[in-house]
Amino acid sequence: MARLPELIVRRRGRIAVAWCVLTVALVPLAREADAKLEVGGARLTQTESQWVEQALTTNFGSPFATYALLVVAEIPSLSDPEGRAVLGEIRQTLAASPLVVRTISWLDSSDSAFLGSRGTFLVVGLAPGGTSADDVVLRLRAVTKPLEQRLRERYPRAKLLWTGNAALNYDVRLTSASDAASAERRVLPLVLLLLVIVFGSVVAALLPVTIGTLAIALSLGAAVLINDYWPLAILLRNIVSMLGLGVGVDYALLTVSRFREALADGDDAEAAAAHAVRHAGHTIVLSGTAVGIGFAALFVVPATELRSIGAGGLLVTLIAVLLATTLLPGLLAWLGPHVELGRFRRVHHAGATRARWYWWGMWVARWPLLVLIVGGVPLVALAW
């Protein structure tokens, strides 16, 4: 283990090639995460409702084994011929779509369940054609959108809205993906700005952001691979994005800081990179292990959503640790003093920085009770 830091730096070319291969293999899969990961409600084993759906399809040939609901709002009352004519027009339009097997509405059964104060609904049996029902929601909306526009020429407030499990799953998937992407777009520039202020160098600030972003992409790609054998929920997407930026940037920041300190003390690039692995690497591995154990504990809970949180947290933490302790030291060894490129302010000498932290540590050790009260009371209050 004592020789490991030097070995990592010396073999940095091979390590970089290995990470490049992983990146080429996993990043394209990461783009499929939003479509491949399961929406909430999926389970590791087949549920009774899934068994019934399969039996209805294979044993009974039911046209409603897979279905969606079309809510029709703000049209004339079905007690009037005009309202029934509108419902017939909607049913006829749906019947012309190859996605629709059959429909049931008030026209088929004059059941009061179909009557509402503002409209009605149709049960629409679907033929997804080998894909999940979620995948045809967009095409169903494309069928009813022109019809809705035609109806609004006669009834300005008319609405045709798809709902049911398929529509809900599609929208949850879409919202999860857009929310995660939106959060990344907002947070990344802020994180980069803060790192530039802390490091005083653009290149030094870019490295942790790059490691964090790469950790997210590789983790999502790995999750897509795992999903083929062990279903994971789309919630994993948000967990990986949130945690990847946190631990990825944090671990890389530790490594870059140690490297710059060693350079400032007079070490050459390779020696400084090995120094960073030796000192920051121990902290990173210890921290990552603790975080990983916490997420691994979620695997004992028999719920896909919680196990997906555990899988996402464990994956991104493991990958962030490996990136910060293997790939990043090699990049730093190649960069050497160029890590200070884009510097816009003078950086305080490492010795002065260490002296300030030493003084702080001595003060804390001298007044432990005061520190425990000042720092502990707010934590106890939050826990309470």
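Treat the numbers as computed from the prediction; the structure is a model and nothing was measured. (Residues numbered from 1 in each chain as written. Predicted model: local features only at pLDDT ≥ 70, side-chain atom pairs only at ≥ 80, totals over all residues. Heavy atoms only, no water.)

Asks: How would you summarise the overall build of the protein chain if you had to cite specific residues and measurements?
Replies: The helix and strand inventory of the protein chain stands at 13 helices and four strands. Taking 2.2 N^0.38 as the reference for a compact globule, 384 residues should give roughly 21 Å; the C-alpha atoms of the protein chain span a radius of gyration of 29 Å, well beyond that estimate. Projected onto its principal axes, the C-alpha coordinates of the protein chain cover approximately 90 × 45 × 40 Å. Sequence separation of at least 24 residues holds for 76% of the intrachain contacts in the protein chain that already meet a minimum separation of 6. Split by element, the accessible area of the protein chain, about 21100 Å² in all, is 65% carbon and sulfur. With 34 positive and 28 negative side-chain charges, the protein chain shows a spacing of 7 Å between the two charge centroids. (Helix = DSSP H or I, 4+ residues; strand = E, 2+ residues; numbered from the N terminus. Rg over C-alpha atoms; globule rule 2.2 N^0.38 Å. Contact = heavy atoms within 4.5 Å. Areas by Shrake-Rupley, 256 points an atom, 1.4 Å probe, with all protein chains shown as cover. Lys, Arg positive; Asp, Glu negative; His and termini not counted. Charge placed at Lys NZ, Arg CZ, Asp CG, Glu CD.)

Asks: Residues and numbers for the sheet that holds strand E3 (residues 119-126), please.
Replies: Read from one edge to the other, the open sheet built from four strands follows the order E2-E3-E1-E4, with strand pairing classed as antiparallel. Every other strand in the sheet has two partners, leaving strand E2 (100-104) and strand E4 (159-163) as the edge strands with one partner each. When strand polarity is set aside, the average angle formed by the axes of neighbouring strands in this sheet is 25°. Strands strand E1 (67-73), E2, E3 and E4 of the sheet are contacted by helix H5 (residues 81-95), whose axis makes an angle of about 15° with E3. (Pairing = 2+ DSSP bridges. Axes fitted to C-alpha atoms, helices over the stretch in contact; angles between N-to-C directions.)

Asks: Please set out the nonpolar core residue by residue, giving values where relevant.
Replies: The nonpolar side chains of a soluble globular protein tend to be buried with one another. Residues Leu236 and Leu323 are the most contacted members of the largest nonpolar core, which totals 62 residues. For this core, the secondary-structure elements that each account for two or more residues are helix H1 (4-10), helix H2 (12-30), helix H7 (165-199), helix H8 (202-227), helix H9 (235-264), helix H10 (269-296) and helix H11 (304-335). Look past the residues within four positions of Leu236 in its chain and what remains in contact with it is Leu37, Leu220, Ala223, Ser308, Ala311 and Gly312. Judged by nonpolar contacts, the second largest core, of 28 residues, contains Val86, Leu160, Ala166 and Tyr170. (Core = buried A, V, L, I, M, F, W, Y, C linked by side-chain atoms within 4.5 Å. Buried < 20%, exposed > 50% of the residue type's maximum accessible area, 1.4 Å probe, protein only.)

Asks: Give me the lowdown on the side chain of Glu148, citing residues and values where you can.
Replies: Residue position: Glu148 is located in helix H6 (residues 137-154). In contact with Glu148, other than residues within four places in its own chain, are Ala158, Lys159 and Leu160.

Asks: Explain H11 to me, using residue names and the numbers behind them.
Replies: Taking 1.5 Å per residue, 32 residues should reach 46 Å; H11 reaches 43 Å between its end C-alpha atoms and fits that length. Summarising burial for H11: 24 of the 32 residues are buried, a large majority. Looking one or two residues past H11, Gly336 carries a phi angle of roughly 60°, positive in sign. (Expected span 1.5 Å × (residues − 1).)

Asks: I'd like to hear about the packing of aromatic side chains, residue by residue, with values.
Replies: This model, assessed by the stated rule, comprises three aromatic pairs. Consider the rings of Trp230 and Phe299, whose centres lie 5.7 Å apart with planes at 75°: the pair is edge-to-face. Of this pair, Trp230 sits in the loop between H8 and H9 while Phe299 sits in the loop between H10 and H11, placing them 69 residues apart in sequence. (Phe/Tyr/Trp six-rings, centres within 6.5 Å; stacked < 30°, edge-to-face > 60°.)

Asks: Lay out the pairing of E1 in plain terms, naming residues and giving numbers.
Replies: Where E1 lies against E3, seven bridges are found, and the strand directions are antiparallel. Residue pairing for E3: Val72 is matched across the bridge by Thr120. As paired elements, E1 and E4 share five bridges and run antiparallel to each other. In the sheet register, Leu70 faces E4, and the bridge partner there is Trp162.

Asks: Run through the environment of Arg84, naming residues and quoting values.
Replies: By the element assignment, Arg84 lies in helix H5. Note on Arg84: relative accessible area 30%, which makes it partly exposed. Among all residues touching Arg84, those that are not within four sequence positions of it are Leu78, Ser79, Trp106 and Leu107.

Asks: Could you give an account of the side chain of Thr120, with specific residues and numbers?
Replies: Note on placement: Thr120 falls in strand E3. One polar contact links the side chain of Thr120 to the main-chain carbonyl oxygen of Phe114, over a distance of 2.6 Å. Setting aside residues up to four positions removed in sequence, Thr120 forms contacts with Leu70, Val71, Val72, Leu78, Leu87 and Phe114. (Polar contact = N/O pair within 3.5 Å; in protein donor to acceptor, adjacent residues only side chain to side chain.)

Asks: Tell me what's going on with the pattern of salt bridges, and back it up with residues and numbers.
Replies: All told, the structure shown has eleven salt bridges when counted by the stated rule. Residue Glu74 is joined to Arg157 by a salt bridge in which the shortest nitrogen-to-oxygen separation is 3.8 Å. Within this pair, whereas Glu74 is found in the loop between E1 and H5, its partner Arg157 is found in the loop between H6 and E4, the two being separated by 83 residues in sequence. A residue is classified by how much of its surface remains accessible, and Glu74, at 19% relative accessible area, is buried. Here Glu340 and Arg260 are joined by a salt bridge, their closest N and O atoms 2.8 Å apart. Placement of Glu340 in the loop between H11 and helix H12 (350-366) and of Arg260 in helix H9 is noted, with a sequence separation of 80 residues between them. (Salt bridge = Lys/Arg side-chain N within 4 Å of Asp/Glu carboxyl O.)

Asks: Give me the lowdown on a positive patch on the surface, citing residues and values where you can.
Replies: Residues Arg3, Arg10, Arg11 and Arg14 make up a contiguous surface patch of positive charge. Here Arg11 lies in the loop between H1 and H2. Taking relative accessible area as the criterion, Arg11 reaches 37% and is therefore assigned partly exposed. (Patch = residues over 30% accessible without salt bridge, like charges linked within 9 Å, V, L, I, M, F, W, Y side chains within 5 Å.)

Asks: Explain the packing of H6 against H7 to me, using residue names and the numbers behind them.
Replies: Across the interface, H6 lies against H7 with an axial gap of 10 Å and an inter-helix angle of 110°. What the angle tells us is that H6 and H7 run roughly perpendicular. Side by side, H6 and H7 meet where Val137, Leu138 and Arg141 of the first sit next to Ala166, Ala167, Tyr170 and Asp171 of the second. Counted by class, the contact of H6 with H7 contains five nonpolar, no polar and two charged residues. (Parallel < 35°, antiparallel > 145°, perpendicular 65-115°, else oblique. Nonpolar A, V, L, I, M, F, W, Y, C, P; charged D, E, K, R; others polar.)

Asks: Just give me the short version of the environment of Gly125, but keep the residues and values in it.
Replies: Mapping Gly125 onto the fold places it in strand E3. Judged by its relative accessible area of 0%, Gly125 is buried. On a C-alpha basis, the gap between Gly125 and Leu140 in space is 12 Å, while along the polypeptide they are 15 residues apart. With near-sequence residues (within four places) excluded, Gly125 lies in contact with Pro63, Phe64, Thr66, Tyr67, Leu99, Val100, Val101 and Arg102.

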